[in-house]
Amino acid sequence: MKYRKSITILSSIIIILAVVAASMGIFSTGGPDPYTIETVRGETVTVYGKGLYKHMSQDVAPQGIAQDYITLSVAVPLLFLSLIWARRGSLKGRFLLAGTLGYFLVTYLFYLVMGMYNMLFLVYVILLGTSFFAFAKTLLSFDLTNLSERFNESTPVKFIGGFLIFNSIAIGFMWLQVVIPPLLDGSIIPAQVEHYTTLIVQGLDLGLLLPLSFVAGLLFIKKRPFGYLLTPVYLIFLSIMMTSLTAKVVAMGMLGQNVMPAIVIIPFFGVVSIICSVLIFKNIREPAHEQA
């Protein structure tokens, strides 16, 4: 695997700092307890008031804690195992590594730009930087010229690619249901903005991640080289992220929030993305020998 040493160093830093960040998010408890504030828009918001996310809203902070549980129990072990697998020359291991690094990249991008400033700001900065460069180096380690030859002819490209296209459209419509109604009734700003600057998750999803899902699926159906690279990576990323989002939705439901239709859509896409990941991995042929 190209860049083996640098990817190993960067991934090790991610593992250590992610354990620290997620643990502090889960186990920190100090603070004044919940309280209300008036936002610059004149809305009243209840602030969580406890632990690392004490300045986040009472609706959003538990979602961060739920994601920390998934990061600690799923993403960190996957990163460790995929790194070992990839270092042994496994193509499947490298795909798993890239997809898991993609999860860390997106997760700590969100934490950095959405989370209210806290003592882990520089930790988030380092996690974002190391995830970005490790992810980029892992993608650059693939040889596109013969990548398609590593997939069986029986690979269900239409089903898997079609799912990624459907995923981008369905999640896109779900987010637009948050954004468009206030534009139509003149209120402009959705209630979900609360005391934050804007809709960070919806904006990055609609502008970057969902179009990437659509393009990956389309290129995979057309059997283009970038489709064979992007689709397995995106599916691994999506599997972990949907698991995290499912935990978030459950946390919201436990707070008594209306979680429809997300409680149906998110777990469904999580299960299908895992199934697609298994299908695509079963159809990847490992090279007889790959130089480490």
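Whatever comes next refers back to the structure up there.
Worth saying up front: this structure is predicted, and the values here are computed from it rather than measured. (Residues numbered from 1 in each chain as written. Predicted model: local features only at pLDDT ≥ 70, side-chain atom pairs only at ≥ 80, totals over all residues. Heavy atoms only, no water.)

A.B. asks: Explain the overall build of the protein chain to me, and be specific about the residues and the numbers.
C.D. replies: A tally of helices and strands in the protein chain yields eight helices and two strands. Helices and strands in the protein chain line up, N terminus first, as α-β-β-α-α-α-α-α-α-α. Radius of gyration (C-alpha) of the protein chain: 20 Å, near the 19 Å computed for a compact globule of 292 residues. With the C-alpha coordinates aligned to their principal axes, the bounding extent of the protein chain is approximately 60 × 40 × 25 Å. When the 292 residues of the protein chain are sorted by exposure, 49% land in the buried category. Relative to all contacts within the protein chain whose residues are 6 or more apart in sequence, the contacts with residues 24 or more apart total 75%. Per element, the accessible surface of the protein chain, about 13,900 Å² overall, is 68% carbon and sulfur. Side-chain charges of the protein chain comprise 19 positive and 13 negative groups, with the mean position of each set lying 15 Å from the other. (Helix = DSSP H or I, 4+ residues; strand = E, 2+ residues; numbered from the N terminus. Rg over C-alpha atoms; globule rule 2.2 N^0.38 Å. Buried < 20%, exposed > 50% of the residue type's maximum accessible area, 1.4 Å probe, protein only. Contact = heavy atoms within 4.5 Å. Areas by Shrake-Rupley, 256 points an atom, 1.4 Å probe, with all protein chains shown as cover. Lys, Arg positive; Asp, Glu negative; His and termini not counted. Charge placed at Lys NZ, Arg CZ, Asp CG, Glu CD.)

A.B. asks: Mind laying out a nonpolar patch on the surface, listing which residues take part and the relevant values?
C.D. replies: On the surface, Ile169, Phe173, Leu176, Ile180, Leu183, Leu184, Ile188, Ile189, Leu206, Phe214, Val215 and Leu218 cluster together into a nonpolar patch covering about 1,000 Å² of accessible area. Only α5 (157–185) and α6 (200–221) provide two or more residues apiece to the nonpolar patch. With six residues, α5 is the single largest residue contributor to the nonpolar patch. The residue Ile169 is located in helix α5 in this model. Since its relative accessible area comes to 38%, Ile169 is described here as partly exposed. (Patch = residues over 30% accessible without salt bridge, like charges linked within 9 Å, V, L, I, M, F, W, Y side chains within 5 Å. Salt bridge = Lys/Arg side-chain N within 4 Å of Asp/Glu carboxyl O.)

A.B. asks: Lay out the nonpolar core with the relevant residues and their values.
C.D. replies: Counting residues in hydrophobic clusters, the biggest one holds 83 residues, and the most contacted among them are Phe95, Phe104 and Ile171. Setting aside its immediate chain neighbours within four residues, Ile171 contacts Asp205, Leu210, Met242, Ile265, Ile266 and Phe269. (Core = buried A, V, L, I, M, F, W, Y, C linked by side-chain atoms within 4.5 Å.)

A.B. asks: Describe unusual backbone geometry, and please don't skip the residues or the numbers.
C.D. replies: The backbone of Asp33 shows a phi angle near 75°, a positive value even though the residue is not glycine. Along the chain, Asp33 turns up in the loop between α1 (4–27) and β1 (35–38). Of the residues examined, Asp33 reaches a relative accessible area of 40% and is grouped as partly exposed. Residues other than glycine seldom take positive phi values, yet Glu194 does so here, at roughly 50°. Note that Glu194 resides in the loop between α5 and α6. A relative accessible area of 14% places Glu194 in the buried class.

A.B. asks: Mind laying out the environment of Val178, listing which residues take part and the relevant values?
C.D. replies: Topologically, Val178 is positioned in helix α5. Sequence-wise, Val178 and Pro190 are twelve residues apart; in three dimensions their C-alpha atoms are separated by 6.6 Å.

A.B. asks: Go over the packing of helix α3 (residues 91–114) against α6 with me, naming the residues and quoting the values.
C.D. replies: One can describe the packing of α3 onto α6 by two numbers: an axis separation of 10 Å at closest approach and a directional angle of 135°. Comparing their axes, α6 and α3 come out oblique. The two elements α3 and α6 meet at a crossing, and its hand is right-handed. On the side of α3, the interface is formed by Val106, Leu109, Phe110, Val113 and Met114, while α6 contributes Ile200, Val201, Leu204, Asp205 and Leu209. (Axes fitted to C-alpha atoms, helices over the stretch in contact; angles between N-to-C directions. Parallel < 35°, antiparallel > 145°, perpendicular 65-115°, else oblique. Left-handed = near helix turned anticlockwise from the far one by under 90°.)

A.B. asks: Run through the side chain of Thr107, naming residues and quoting values.
C.D. replies: Looking at the secondary structure, you find Thr107 in helix α3. Setting aside residues no more than four positions away along its own chain, Thr107 makes contact with Gln67 and Met241.

A.B. asks: I'd like a description of the packing of aromatic side chains, backed by residues and values.
C.D. replies: In the structure shown here, the tally under the stated rule is 18 aromatic pairs. Seen in terms of ring centroids, Phe151 and Phe220 are 6.4 Å apart; in terms of plane orientation they differ by 70°. Their pairing is edge-to-face. Residue Phe151 is found in the loop between α4 (121–140) and α5, and its partner Phe220 is found in helix α6; the two are separated by 69 residues along the sequence. Comparing Phe151 with Phe220, the two get one shared label, buried. Relative to Phe269, the ring of Phe268 lies with its centre 5.4 Å away and its plane at 70°, an arrangement referred to as edge-to-face. You can call Phe269 buried: its relative accessible area is 2%. (Phe/Tyr/Trp six-rings, centres within 6.5 Å; stacked < 30°, edge-to-face > 60°.)

A.B. asks: Can you lay out the pairing of β1 for me, pointing to particular residues and giving the numbers?
C.D. replies: On a regular strand, one side chain projects to one face of the sheet and the next to the other, so that they alternate. For β1 and strand β2 (residues 44–47), the ladder comprises four bridges, and the chain directions are antiparallel. Counterpart to Tyr35 in the pairing with β2 is Val47. Hairpin geometry of β1 and β2 is characterised by an intervening segment of five residues between the two adjacent antiparallel strands and by a positive phi of about 85° at Gly42. (Pairing = 2+ DSSP bridges.)

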